[in-house]
Amino acid sequence: MLRVEIRFAGSGGQGIMLASKIVAEAAGIYKGYNIVQTQIYGAAARGELSKSDVIIDDGNIYTVEIGSADILLCLSQEAYKVYHRALKEKGIIILDEYHVKEYDKLKSRYLPFPITRTALNKFKTGLVANIIGVGLITTLGGFFSEDCARKAVKKRVPKDFLNMNLDALEAGFELGKKKNINLCQQEF
Amino acid sequence: MYNENIFDYMRTEKLPHIWCPGCGHGIITASIVRAISNLKLDKNNIAFVSGIGCSGRTPGYLDFNTLHTTHGRSLTFSTGIKMAKPKLKVINVLGDGDALAIGGNHFIHACRRNIDITAIIYNNSIYGMTGGQFSPTTPDGFIASTTPYGNCDPSFDVVKLASAAGASFVARGDAFHVLQLDKILQKAIDHKGFSVVDVLTTCPTQLGRRNKMKKPWENLDYIANQTVSIKKYETMSENEKQGKFPIGIFIEEKRDEYVETYTKRVINKAKGRK
Amino acid sequence: MSKLELLSGNEAIAKGAIVAGCNFYSGYPITPSSEIAEEMARLLPMNGGKFIQMEDEIAGMGAAIGASLTGAKALTATSGPGFSLKQEHIGFAIMTEIPVVIINVMRGGPSTGMPTYPAQSDVMQAKWGTHGDHSIIVLCPSSVVESFEYTIKAFNLAEQYRTPVIVLIDEVIAHMSEKVEIFSNSHYRIKNRIKPSVRPEKYNPYNVAFGSVPPLAPYGEGYRFHITGLTHDETGFPSMKARIVQDLQERLIEKIESKLKYFSFYEKYMTDDAEIIIIAYGSVARSAMKAVKDARKVGIKAGLYNPITLWPFNNKRMRRFAKKCKHFLVPEMNMGQMCHEVRSSLYGKNVNVYHLNKANGELISPSEILTKLKGVMHV
């Protein structure tokens, strides 16, 4: 039995919703699990905070809300403040250390990565941080293959920006592989 | 003016009509039918739509695809009909309260789109069917059942309203100058785009009775005296213009029609993208 | 051949409408239903249809009815406040028996309420929103897949019964994404309105000689007839004769209620041996399903009944449940609209009907339902 609850959090404009839809697409359409993807919508989403959840399950999904996450992708300090406590016992937080400076450094499951830094260095824009995040979730989670993620990016990202986003995804894979974590097999 | 063919376009078995003796609505309706007859339009391809009120009863007497809708909102139905089946010639009759009060929003937006519908306003300056309440075109000082001390509401000028809102054909006629009305309506119905004809008419029962024009001809005389040709109106002084309504065609322009534009600009583009 | 797609509820509704043969959309933007309009604006012109954004909600409904009269399959979508505005023309479509589908993505009310939060606030408005007596078909999906499927069914029912059909959907279903398997069009059973078989001069738009749903001729095909929102006889012309009006009133109800067995869609789970049956619809039915599974683990014999066809409400089925089951729980995201109906359907039966209401924009969770179950079943 597999059940994973992934939360994407950051600030408006970071592409939180796109990242969550790509993960939902990869796990749901290309890997074949059942998925539910939700987001804060409308007026709430126009503020600073942006949040989106994806539930992956090999059985039926009845609930549409998640309480605590298995994986929290955190792209802003504010998002960290609001959501870091809603984490499962064996869950992990993927932090963008460029934006999240203050976090509990003693927690071994709080994993900082140079997400935006990598985006700026390699692609001269922070806009692909979300896709690097997708790459990290792919590798660290292990719930779907790198190829599923590639297909999902191809499906969801506009053609003009596709190559850059595919490269960002690969950069995410590389960052992830530096840590030997695979949540799917619970090997850490 | 007499046109023996008009009964071909009418449901004569539905006559006599419900309008009061002396009402001008029959004059306008006959004029519309003569215009349609002169244009030799196919009855099967005419959708004839109305709202609520005395004018709303018009379609029942006419042998077309007829639709008696809700108060003020007939133009929305017409818009749907024209969009979905552009081959239909859509003629929409409205009352003054119908078009300008409860349906004011629909009216200005139909003008703005310039969708190919002919809107004919039976403008008798009163809510006749509901018992003579004042309407957006009731003249200043007139007595109505809801203006027992005289009307103090400013009124709408349909021609100015329709012109400003973007109708590509705007005219005014009246139930007295019938020969001219025939010609105006014929041009309006033949026009491609949104055409508006403001037709001043009488309501001896509700308006006339309360305003010293109880006899039908008194009410019709009032209309006749109120109206002057556009040409003459332009030569009049501001003082002389008071209380007068110029009649004739004010706007007659070739402009992009809404459904054609949608087809050209949206459908063709979308099909290219498929 | 089928294709898996990741769709939101609103996107699935638009896709379902296209599959059902919808070729006209008219509406007015309103959160949280706007994505339906956006999808239709994109999809219709490439699929032989037309989209128009009207000046207000009432106009959106009017244009849809006008288009349907020409033979088009018309859709409009809205949310609470817009749904209130549309009621005038929903009544017109009921009275004149013109098929049209209305999607109402429910949000919190009254008035502007909570535009971006889920609620099930329009259950009663869907049934009784317009003035006058009538029956109406209202469907309420619980998932994105169901949003797709029941939109198709809504069009079929509208065509079959010459009536407006309303789809009520929770905001959370409208905006969440799930997988939908979409087959080629030939996979789906699409129904079209019955056209007259008589010659134009013999045609009456409300002729019920061959059943309670009269054939409807489209405008512009040689059948010239009259339609009015006034009470009317079989010719379509106004009539105020008591017998004719009474017959019309009764037929407008009978033509739908007597056929309920053909479209009383529902989901049942473990109701056969249940000591308490949860009656839940929309997103709450999902939470209730989980709650039933959890309740069974702790020894509560719970079951679930999800009346997907909300209206007409199936009283007979409720009374069958009541033969064996004595406890009912109605959790819903309003202050008890469906609970009211459940109680009246079980009038005179020796049963307990409990309610669980939340109208604050939050979803009802499985654990809240489980807690309530434990409370009322004294576990």
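Conventions and cut-offs
Residues numbered from 1 in each chain as written. Chains lettered and ligands numbered in written order. Predicted model: local features only at pLDDT ≥ 70, side-chain atom pairs only at ≥ 80, totals over all residues. Heavy atoms only, no water. Helix = DSSP H or I, 4+ residues; strand = E, 2+ residues; numbered from the N terminus. Rg over C-alpha atoms; globule rule 2.2 N^0.38 Å. Buried < 20%, exposed > 50% of the residue type's maximum accessible area, 1.4 Å probe, protein only. Axes fitted to C-alpha atoms, helices over the stretch in contact; angles between N-to-C directions. Parallel < 35°, antiparallel > 145°, perpendicular 65-115°, else oblique. Left-handed = near helix turned anticlockwise from the far one by under 90°. Contact = heavy atoms within 4.5 Å. Nonpolar A, V, L, I, M, F, W, Y, C, P; charged D, E, K, R; others polar. Pairing = 2+ DSSP bridges. Buried area = accessible area lost by both parts, 1.4 Å probe. Salt bridge = Lys/Arg side-chain N within 4 Å of Asp/Glu carboxyl O. Polar contact = N/O pair within 3.5 Å; in protein donor to acceptor, adjacent residues only side chain to side chain. Core = buried A, V, L, I, M, F, W, Y, C linked by side-chain atoms within 4.5 Å. Domains from an automatic or database assignment. Phe/Tyr/Trp six-rings, centres within 6.5 Å; stacked < 30°, edge-to-face > 60°. Lys NZ or Arg CZ within 6 Å of the ring centre and 35° of its normal. Arc of directions from axis to C-beta. Patch = residues over 30% accessible without salt bridge, like charges linked within 9 Å, V, L, I, M, F, W, Y side chains within 5 Å. Areas by Shrake-Rupley, 256 points an atom, 1.4 Å probe, with all protein chains shown as cover. Lys, Arg positive; Asp, Glu negative; His and termini not counted. Charge placed at Lys NZ, Arg CZ, Asp CG, Glu CD. Disulfide = S-S within 2.5 Å.

## Regarding the overall build of chain A
Then comes step 1: In terms of regular secondary structure, chain A is built from six helices and six strands.
Then comes step 2: Scanning chain A from its N terminus toward the C terminus, one meets helices and strands in the order β-α-β-β-β-α-β-β-α-α-α-α.
Then comes step 3: The C-alpha radius of gyration computed for chain A amounts to 15 Å, which stays within 12% of the reference 16 Å derived for 188 residues, consistent with globular compactness.
Then comes step 4: Judged by the C-alpha coordinates and their principal axes, chain A covers about 40 × 40 × 35 Å.
Then comes step 5: Split into buried and exposed, the 188 residues of chain A put 58% on the buried side.

## Focus on the packing of helix 1 (residues 16-30) of chain A against helix 5 (residues 146-156) of chain A
All names here are of chain A.
Then comes step 1: Contact geometry of helix 1 with helix 5 gives a least axis separation of 8 Å together with a crossing angle of 125°. Relative to helix 5, helix 1 is oriented oblique. Classified by chirality, the crossing of helix 5 by helix 1 is right-handed. Contacts from L18, K21, I22, E25, A26 and Y30 in helix 1 reach C148, A149, K151, A152, V153, K155 and R156 in helix 5.
Then comes step 2: Looking at the contact of helix 1 with helix 5, its residues break down into eight nonpolar, no polar and five charged.

## Thoughts on the sheet that holds strand 10 (residues 226-228) of chain C
Then comes step 1: If you trace the nine strands from one edge of the open sheet to the other, you get 9(B)-10(B)-7(B)-8(B)-4(B)-3(B)-1(B)-2(B)-10(C), paired in mixed fashion. The open sheet has two edge strands, strand 9 (227-229) of chain B together with strand 10 of chain C, and neither has a second partner. On average, each strand axis in the sheet is tilted by 20° relative to the strand beside it, whichever way the strands run.
Then comes step 2: Across the sheet, helix 6 (residues 178-190) of chain B is in contact with strand 3 (89-95), strand 4 (117-123), strand 7 (169-174), strand 8 (195-200) and strand 10 (245-252) of chain B; its angle to strand 7 of chain B comes to roughly 155°.

## Some words on the interface of chain B and chain C
Then comes step 1: Each side of the interface is counted separately: chain B has 43 residues, and chain C has 40 residues.
Then comes step 2: Of the roughly 3,400 Å² buried at the junction of chain B and chain C (both faces included), carbon and sulfur atoms supply 59%.
Then comes step 3: One can count four salt bridges joining chain B with chain C.
Then comes step 4: The residue R113 of chain B makes a salt bridge to E55 of chain C at a minimum N-O spacing of 2.7 Å.
Then comes step 5: There are 21 residue pairs in polar contact (both at pLDDT 80 or more) connecting chain B and chain C.
Then comes step 6: Only strand 2 (65-68), helix 2 (74-84), helix 4 (104-113) and helix 11 (258-273) of chain B provide two or more residues apiece to the side of chain B that touches chain C.
Then comes step 7: Take the side of chain B that touches chain C: its biggest share by element is eight residues, from helix 11 of chain B.
Then comes step 8: Of the residues belonging to the side of chain B that touches chain C, the class tally is 16 nonpolar, 16 polar and eleven charged.
Then comes step 9: Relative to strand 10 of chain C, strand 2 of chain B runs parallel, the two sharing three bridges.

## Some words on the nonpolar core
Then comes step 1: If you look at the biggest cluster of nonpolar residues, it comprises 166 residues, and the most contacted ones within it are F107 and F194 of chain B together with M40 and F328 of chain C.
Then comes step 2: For this core, the leading source of residues is helix 6 (residues 144-161) of chain C, giving nine residues.
Then comes step 3: Both domains that meet at this core, namely domain 1 (2-187) and domain 2 (266-376) of chain C, each give it at least three residues.
Then comes step 4: The contacts of F194 of chain B, once residues within four sequence positions are left out, are L75, F107, A110, C111, N114, I115, D116, I117, A119, A167, S168 and F169 of chain B.
Then comes step 5: Counting residues in hydrophobic clusters, the runner-up holds 51 residues, among them A24, I94, F113 and C148 of chain A.

## A look at the arrangement of the chains
Then comes step 1: There are two pairs of chains in contact here; the most contacts are made by chains B and C.
Then comes step 2: There is no contact between chain A and chain B; across them, the least C-alpha separation is 15 Å.

## Digging into the packing of aromatic side chains
Then comes step 1: Within this structure, the stated rule accounts for 17 aromatic pairs over all chains.
Then comes step 2: Measuring from ring centre to ring centre gives 5.3 Å for Y203 of chain C and F225 of chain C, while their planes differ by 80°; the resulting arrangement is edge-to-face. Of this pair, Y203 of chain C sits in the loop between strand 9 (177-183) and strand 10 while F225 of chain C sits in the loop between strand 9 and strand 10, and the two are 22 residues apart along the sequence.
Then comes step 3: What makes F225 of chain C buried here is its relative accessible area of 3%.
Then comes step 4: Taken together, Y203, Y219, Y223 and F225 of chain C form an aromatic cluster joined through their ring pairs.
Then comes step 5: Its end group placed over the ring of Y103 of chain A, K105 of chain A keeps NZ or CZ at 4.7 Å from the ring centre.
Then comes step 6: Over the face of the ring belonging to Y266 of chain C we find R317 of chain C, whose NZ or CZ atom lies 3.7 Å from the ring centre.

## What about the interface of chain A and chain C?
Then comes step 1: Contacts between chain A and chain C engage 23 residues on the former and 21 residues on the latter.
Then comes step 2: Carbon and sulfur atoms make up 60% of the surface buried where chain A meets chain C, a total of about 1,800 Å² over both sides.
Then comes step 3: Our count for the chain A to chain C interface comes out at zero salt bridges.
Then comes step 4: At the surface where chain A touches chain C, the tally comes to nine residue pairs in polar contact (both at pLDDT 80 or more).
Then comes step 5: When contributions to the side of chain A that touches chain C are tallied by element, the ones reaching two or more residues are helix 1 and strand 2 (34-39) of chain A.
Then comes step 6: Counting residues per element, the side of chain A that touches chain C draws most heavily on strand 2 of chain A, at six residues.

## Side note on helix 5 of chain A
Residue and element names in this part refer to chain A.
Then comes step 1: Among the residues making up helix 5, those that are buried are C148, A149, A152 and V153. All buried residues of helix 5 lie within an arc of 135° about the axis, which places them on one face of the element.
Then comes step 2: Buried residues in helix 5 make contact with helix 1, helix 4 (129-141) and helix 6 (162-177).

## What to know about a positive patch on the surface
Residues and elements named next belong to chain C.
Then comes step 1: On the surface, K261, K268, K316, R319, R320, K323, K324, K326 and K349 cluster together to form a positively charged patch.
Then comes step 2: Here the positive patch takes five residues from helix 11 (residues 315-324), the largest share from any one element.
Then comes step 3: Position of R320 relative to the elements: it lies in helix 11.

## As for the side chain of E57 of chain C
All names here are of chain C.
Then comes step 1: Structurally, the position occupied by E57 is in helix 3 (residues 57-69).
Then comes step 2: Here the side chain of E57 touches T78 through a polar contact of 3.0 Å, side chain to side chain.
Then comes step 3: When sequence neighbours within four positions are dropped, the list of residues in contact with E57 reads Y28, I30, A77, T78, G82, L85 and K86.

## Things to note about helix 3 (residues 115-123) of chain A
An α-helical turn contains 3.6 residues, so any two residues separated by three or four positions project in the same direction.
Residue and element names in this part refer to chain A.
Then comes step 1: For helix 3, every residue scored as buried is listed here: I115, T116, T118, A119 and F123. End-on view of helix 3: buried residues confined to an arc of 155°, all on one side of the axis.
Then comes step 2: The inward-facing, buried residues of helix 3 abut strand 4 (69-74), strand 5 (87-96), strand 6 (110-113), helix 4 and helix 6.
Then comes step 3: K124 lies just past helix 3 and shows a positive phi near 60°.

## Thoughts on the state of the cysteines
Then comes step 1: This model, assessed by the stated rule, comprises zero disulfides over all chains.
Then comes step 2: Summary of cysteine pairing: C184 of chain A is not part of a disulfide, and the nearest cysteine sulfur, belonging to C148 of chain A, is at 12 Å.
Then comes step 3: Of all cysteine sulfurs in the structure, the one in C20 of chain B sits closest to C203 of chain B, which takes part in no disulfide; the separation is 6.4 Å.

## Comments concerning the pattern of salt bridges
Close approach of charged atoms allows side chains of opposite charge to pair.
Then comes step 1: One pass over the full model with this rule turns up 44 salt bridges over all chains.
Then comes step 2: Note that R7 of chain A is salt-bridged to D53 of chain A, the shortest N-O span being 2.8 Å. On the criterion of sequence distance, the pair formed by R7 of chain A in strand 1 (residues 3-11) and D53 of chain A in strand 3 (residues 49-57) is long-range, its members being 46 residues apart. An identical accessibility class is assigned to R7 of chain A and D53 of chain A; each is buried.
Then comes step 3: Measuring nitrogen to oxygen at the nearest pair gives 2.9 Å for the salt bridge that ties D273 of chain C to R296 of chain C. You can see D273 of chain C sitting in the loop between strand 11 (267-269) and strand 12 (276-279) and its partner R296 of chain C sitting in helix 10 (residues 283-297), a full 23 residues away along the chain.
Then comes step 4: Sharing partners across several salt bridges, the network here consists of R3, E5, D57, D70 and K88 of chain A.

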